[in-house]
Amino acid sequence: MSFLPRNIIKIDVPPIKCQGIKTKLVKFISQNIQWTGEGKWIEPFLGSGVVAFNIRPERALLADTNKHIISFYRGIQCGDINKHTVRQVLEVMGAQLSKGGVDYYYEIRKRFNESASPFDFLFLNRSCFNGLMRFNGKGKFNVPFGHKPQRFSKAYITKIVNQVNAIAEIIKGRDWEFVVSDWEETLTLAQFGDFVYLDPPYIGRHADYFNTWDNDDAIKLSEVAAALPCEYALSMWLENQYRRNTHVDEHWQDTKLVTFDHFYHIGSTESLRNSITEALLLKIPMGSKVEAV
Ligand SMILES: C[S@@+](CC[C@H](N)C(=O)[O-])C[C@H]1O[C@@H](n2cnc3c(N)ncnc32)[C@H](O)[C@@H]1O
């Protein structure tokens, strides 16, 4: 029996944004994974959670080293963060932002760095520069203001409220655990019948307090993945017009490679488009022929 692929018609976009968010790849990932759904879905690099939220397994272990992400989703899970509380908080904070502008943003950033409220986290994530999630070496959120004091319009608040509510509905009744954990620790819990989805940070990019990832980490992950007692899939960029990610060729040879091309704009016009090829590397089921990457 195959639980996946789920026929995803509409992607549920999470309320929290982060670098490397896989919104555009969820359908591709879902279509290429085969799993009975009997064990647990394990995601050691949860990020925004968009993959798990759309795959919707019955049981899941969802982990990240970023405690703010985990505490936000735990808040939704226990009901403290819901469509009413989010609307209330964002209406008040949005009005204060339109009056106080940049000063109010930095006041909230300071408050968040002292008390780590998940509501402040949401406010900052949705009003900071480019929706970035970045922390300094001491773990303090350090993204500047996004320069839009009128950011929290009625429509924008409703959009966020609906996103929170959709995620709350998805989590409800499912056996999901959100934990702060390093990937290696998380993977020690994987068992036969589980499925592990891996989406580590890009090597040498987006480095910050919760996100240090270098070549050695990437190689170790490939070794630990190869020894997993269950199926797994890993997302990684493969190539663009300038270079290829040789790490894929060097360390994931024993996996099945499927690719997906997508475009991003490098300028204001349609013609200024570049494509990037994303890889999904899948464990080859025991007994089947190994295809070279
Ligand atoms: C590329 S993002 C995942 C994006 C996610 N799949 C999505 O679609 O939003 C990588 C995530 O790994 C987390 N991370 C970085 N180093 C980690 C580590 N050593 N253990 C666990 N998580 C880590 C980061 O905090 C970040 O949320």
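Below you will find a few notes about this structure. Predicted, not measured: the structure shown is a model, and the values here were computed from it.

**Quick notes on the site of the ligand**
(1) Moving on: Around the ligand, the structure places 23 residues, and the nearest of them are Lys22, Ser48, Asp64, Asp182 and Asp199.
(2) Moving on: Separating an oxygen atom of the ligand from a side-chain N or O atom of Ser48 is a distance of 2.6 Å.
(3) Moving on: The contact in question runs from a nitrogen atom of the ligand to an N or O atom on the backbone of Trp183, over 3.0 Å.
(4) Moving on: Contact with the protein chains covers 95% of the free accessible surface of the ligand, which is 600 Å².
(5) Moving on: Partitioned by chemical class, the residues of the shell around the ligand number 11 nonpolar, 8 polar and 4 charged.

**A look at the packing of aromatic side chains**
(1) Moving on: Evaluation of the coordinates by the stated rule reveals 25 aromatic pairs.
(2) Moving on: Between the aromatic rings of Phe72 and Phe121, the centroid separation amounts to 6.5 Å while the plane-to-plane angle is 65°, which identifies the pairing as edge-to-face. With Phe72 in helix α3 (residues 67-78) and Phe121 in helix α5 (residues 118-125), the pair connects residues that are 49 residues apart, well separated along the chain.
(3) Moving on: Given the relative accessible area of 1%, Phe121 is considered buried.
(4) Moving on: One aromatic cluster is present, formed by Phe53, Phe72, Tyr73, Phe112, Phe121, Phe135, Phe141, Trp176, Phe178, Tyr209 and Phe210 through successive ring pairs.

**Quick look at the side chain of Thr277**
(1) Moving on: Along the chain, Thr277 falls in strand β7 (residues 273-283).
(2) Moving on: In this structure the side chain of Thr277 is engaged in a polar contact, spanning 2.8 Å, whose partner is the side chain of Asp261.
(3) Moving on: Ignoring anything within four residues of it in the chain, the contact list for Thr277 reads Trp237, Leu238, Glu239, Thr259, Phe260 and Asp261.

**As for α3**
(1) Moving on: For α3, built from 12 residues, the straight-helix expectation of 16 Å at 1.5 Å per residue is met to within 8% by its first-to-last C-alpha distance of 16 Å.
(2) Moving on: Taken as a whole, α3 has its buried residues at His68, Ile69, Ile70, Phe72, Tyr73, Gly75 and Ile76.
(3) Moving on: Taken together, the buried residues of α3 touch α2 (50-55), β2 (59-64), α4 (83-115), α5, α6 (154-171) and β3 (175-180).
(4) Moving on: Of the residues flanking the start of α3, the one acting as N-cap is Asn66, its side-chain oxygen 2.9 Å from the backbone nitrogen of His68.
(5) Moving on: Gly79 sits one or two positions beyond α3 and adopts a positive phi of about 95°.

**Some details on the side chain of Asp12**
(1) Moving on: If you trace the backbone, Asp12 turns up in the segment before α1 (26-32).
(2) Moving on: Sequence-distant contacts of Asp12, defined by excluding residues within four places in its chain, comprise Val50, Asn54, Arg56, Ala166 and Ile170.

**So, the environment of Gln19**
(1) Moving on: For Gln19, the position within the fold is in the segment before α1.
(2) Moving on: A distance of 3.0 Å separates the side chain of Gln19 from the backbone nitrogen of Met133, its partner in a polar contact.

**Re the environment of Phe72**
(1) Moving on: Phe72 sits in the buried class, given a relative accessible area of 0%.
(2) Moving on: For the pair formed by Phe72 and Ile157, sequence separation is 85 residues and the distance between their alpha carbons is 17 Å.
(3) Moving on: Look past the residues within four positions of Phe72 in its chain and what remains in contact with it is Pro15, Ile16, Ile81, Pro118, Phe121, Leu122 and Val164.

**Some details on unusual backbone geometry**
(1) Moving on: If you check the backbone angles, Arg56 has positive phi at about 55° while not being a glycine.
(2) Moving on: Tracing the backbone shows Arg56 in the loop between α2 and β2.
(3) Moving on: Phi at His147 is positive, roughly 65°, even though this residue is not glycine.
(4) Moving on: Tracing the backbone through its elements, the reader meets His147 in the loop between α5 and α6.
(5) Moving on: With relative accessibility at 61%, the residue His147 sits in the exposed group.

What counts and how
Residues numbered from 1 in each chain as written. Predicted model: local features only at pLDDT ≥ 70, side-chain atom pairs only at ≥ 80, totals over all residues. Heavy atoms only, no water. Near = heavy atom within 4 Å. Polar contact = N/O pair within 3.5 Å; in protein donor to acceptor, adjacent residues only side chain to side chain. Areas by Shrake-Rupley, 256 points an atom, 1.4 Å probe, with all protein chains shown as cover. Nonpolar A, V, L, I, M, F, W, Y, C, P; charged D, E, K, R; others polar. Phe/Tyr/Trp six-rings, centres within 6.5 Å; stacked < 30°, edge-to-face > 60°. Helix = DSSP H or I, 4+ residues; strand = E, 2+ residues; numbered from the N terminus. Buried < 20%, exposed > 50% of the residue type's maximum accessible area, 1.4 Å probe, protein only. Contact = heavy atoms within 4.5 Å. Expected span 1.5 Å × (residues − 1).

Everything listed is a geometric property; what it means functionally is a separate question.
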